[in-house]
Amino acid sequence: MSPAMQSSPYLSEKRNTYAAPRDRSRRKLFIIGGAILGLLLVIAVVVGVYFGVVKPKSAKSSDNASGALGDEHTSAKPSGTSAPTPGVRAAVTGGDGSKVTTEDGTTFTYQNSFGGYWYWDSEDPFNNGARAQSFTPALNETFRYGIDQIRGVNLGGWLNTEPFITPALYEKYANSSNPAVDEWTLSENMAADGGLQQLEDHYKTFITEKDFAEIAAAGLNWVRIPIPYWAVETWDGEPFLAKTCWTYFLKAIQWARKYGIRINLDLHAVPGSQNGWNHSGRLGTINLLNGPMGLANAQRSLDYIRIISEFISQPQYKDVVAMFGITNEPQAPTFGQENLIRYYLEGYNLVRAASGIGEGNGPMISFHEGFTGLSKWSGTFVNSDRTSLDVHPYLCFSNQSPDPYSARANTPCSAWAAGQNNSIGNFGLTTAGEFSNAINDCGLYVNGVNLGTRYEGTYTPGNWPRVGSCQQWTDYQTWDDDMKQDIMNFALASMDALQHYFFWTWKIGNSSVTGKVEAPAWSYQLGLQEGWMPKDPRQAIGKCGGKNPVGALKPWQTGGAGAGQLDADFTSSYAWPPTSISQGGAATLLPSYTPTGTVRTLAAPTFTKSAGGGVDAGQGWVNTADTAKGMVPIATCSYLDPWVGPSAAPPAPLCSGGTARRDNTPTPIITSPPSLA
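Residues numbered from 1 in each chain as written. Predicted model: local features only at pLDDT ≥ 70, side-chain atom pairs only at ≥ 80, totals over all residues. Heavy atoms only, no water.

Novice: Would you mind going over the pairing of strand 10 (residues 387-391) with me for this structure?
Specialist: Along any regular strand, the residues point their side chains to alternate faces of the sheet. The element strand 10 is extensively covered by neighbouring structure, given that five of its five residues are classed as buried. In this structure, strand 9 (residues 364-368) lies alongside strand 10, joined through four bridges in parallel fashion. Bridge pairing in strand 10 links Ile365 to Thr387. Pairing of strand 10 with strand 11 (residues 430-432), which is carried by three bridges, proceeds in the parallel orientation. (Buried < 20%, exposed > 50% of the residue type's maximum accessible area, 1.4 Å probe, protein only. Helix = DSSP H or I, 4+ residues; strand = E, 2+ residues; numbered from the N terminus. Pairing = 2+ DSSP bridges.)

Laid out in structure tokens, this is it:
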């Protein structure tokens, strides 16, 4: 017994069995008062835990969960947090007006007028009780694809850099002897100028926890996060900063979980490049499913799809990382839809081998349509388990026009709405993984570093007539209220036409030269701040005059009856590997890897309880029955550089008793975008 307890008058009084009647009455009052106080304390804790943790777990999605104005999922929406009672651990949650403390101890006020609430308890770091808005299911509730609307935004340029999104990183080296035009050359320049930790400085500051809070507060419920293959590893000769961006993706999972936001993880860059564009890691040629290294690069890319799938399908992550885009913008016009389907089918099999079949088991799998058009995918992947199509409808990279936004207000409805509706009916869930407010290609580095613009007639390559000056389209500080309203009308029409969408992108960084955003039509955050993006995205409903979203999907499309029962004719027709490779020839005559290497597993975060002991964050590999090895070079075979280009001849002889070799890469040729006219 402590000295304080020994001196307590209540204990002394309790020991005095001959106390006077008045003392006994007083004692009863103290006892009754203490009991009432204790009961109130218990009720307060139970209510806090119930609304912060229990009720979100048991709440059911309402019939009006699509998020029409005024619709809400039934849930508690706390308006703030109260100080915890000493000695009692209460749920840590809050709604509009509550104070948020971040990992580094800084604080900000959470502002969410949509009934959303955050939840974070370091003692229970995998609790999924948070809700982005009242009209969005909490993370521990079922997201009903086709009914609950995906209103998302990309976090482009963060973990997979792009020059026009983060121009300050590239401007520093734009005119060097080895100009930084992609992350490959940026990494080479940084390595020679203080080191690659400059990239980690970018990861730390470009997107933070507060961005996730602002995204939820903007009425958005999903984020699409591009990551490159070097989040897993790099091979010899590849200059990228290996594995570090994965650490920050883990932070993204934590922040998304805290604010009730679901993640669409997108593999944005693969070995050899799937499209030849700067955001694939290296500007130049297409070497996935194309050219002499097309098969080997695809084998290696599929390995990374497998590794990522094993991590995100773990129970600690599957409800937050709810969608996986397995390869961004592959160029099917170059290497053919047939081989792209083969690649996708093998990727699908790898994801489902990790996750299992059926609702709640791992992510929705997203296939980019490969610039073939949505209609070309009708009849494919029938009775698959939770697959979706991804399309990126941009107006800005085709014919340029001086027409103002007021003349384009209905263009998204007339150009996109019917295609989205048909694809949802013919394939299943169809999302616009990227779109923007840009109606021309004006903006610093939008086409690439030092490549000019079509609008001003300076774009290289190509022969584009000059339309006019880009200044009126980039100098947003001069835009009047009418222009801002016209842009908002265009944005709302786009949202309604596309139904399930991810705006590209949340944030554009300032130019280091001008000190301001130079591609404003691409920044959702800036549009909110300046008044040309809607404060409530539900304002888009009905802009195109139809029902939005179109309605429920078939049971197999959401992991229900029939899911995972692909037709045998389909799977045999698109078996992996391909028999031939575009601009490479017979697959048997091309370099390939062998599954005899050590498989990388992705690191998990570390959490420690205040009382000591850790928290089970998973081992990075959910399917312990999958013991297959990783793809590695065959010691007696020869290999070209993964980015060698399609014009190179395969090694001859392909395999012998000698050691493997890797040839130098020729000067890259820029791949032009597909025609969108």
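Next comes the rest of the description.
Novice: Which parts of the structure should I look at to understand helix 8 (residues 244-259)?
Specialist: Since there are 3.6 residues in each turn of an α-helix, residues three or four apart along the chain are aligned in direction. Taking 1.5 Å per residue as the helical rise, helix 8 with its 16 residues ought to reach 22 Å, and the 24 Å between its terminal C-alpha atoms agrees with that figure. Among the 16 residues in helix 8, 14 count as buried, and that is most of the element. At the exit of helix 8 stands Gly260, carrying a positive phi of roughly 75°. (Expected span 1.5 Å × (residues − 1).)

Novice: In this structure, what is going on with the packing of aromatic side chains? I would like to understand it.
Specialist: The geometry of an aromatic ring pair comes down to the distance between the two centres and the angle between the two planes. By the definition in use, this model includes 45 aromatic pairs. Here the aromatic rings of Trp184 and Trp643 are separated by 4.9 Å at their centres, their planes lie at 65°, and the arrangement is edge-to-face. Placement of Trp184 in helix 5 (residues 183-191) and of Trp643 in the segment after strand 16 (630-632) is noted, with a sequence separation of 459 residues between them. By relative accessible area, which is 6% here, Trp184 ends up buried. Accessibility expressed as a relative area gives 6% for Trp643, which makes it buried. When the ring of Tyr229 is compared with that of Trp230, the centres are 5.2 Å apart and the planes differ by 85°; the resulting orientation is edge-to-face. For the residue pair Tyr229 and Trp230, the accessibility class agrees, reading buried in each case. In textbook terms, an aromatic cluster arises when at least three aromatic residues are bridged by ring pairs, as seen for Tyr343, Tyr344, Tyr348, Phe367, Trp377, Phe381, Phe570, Tyr574 and Trp576. Sitting over the face of the ring of Tyr459, Arg454 holds its NZ or CZ atom 4.1 Å from the ring centroid. (Phe/Tyr/Trp six-rings, centres within 6.5 Å; stacked < 30°, edge-to-face > 60°. Lys NZ or Arg CZ within 6 Å of the ring centre and 35° of its normal.)

Novice: In this structure, what is going on with the environment of Ala652? I would like to understand it.
Specialist: Its location among the elements puts Ala652 in the segment after strand 16. Ala652 sits in the exposed class, given a relative accessible area of 69%. Residues Ala652 and Tyr639, spaced 13 residues apart in sequence, show a C-alpha to C-alpha distance of 9.9 Å.

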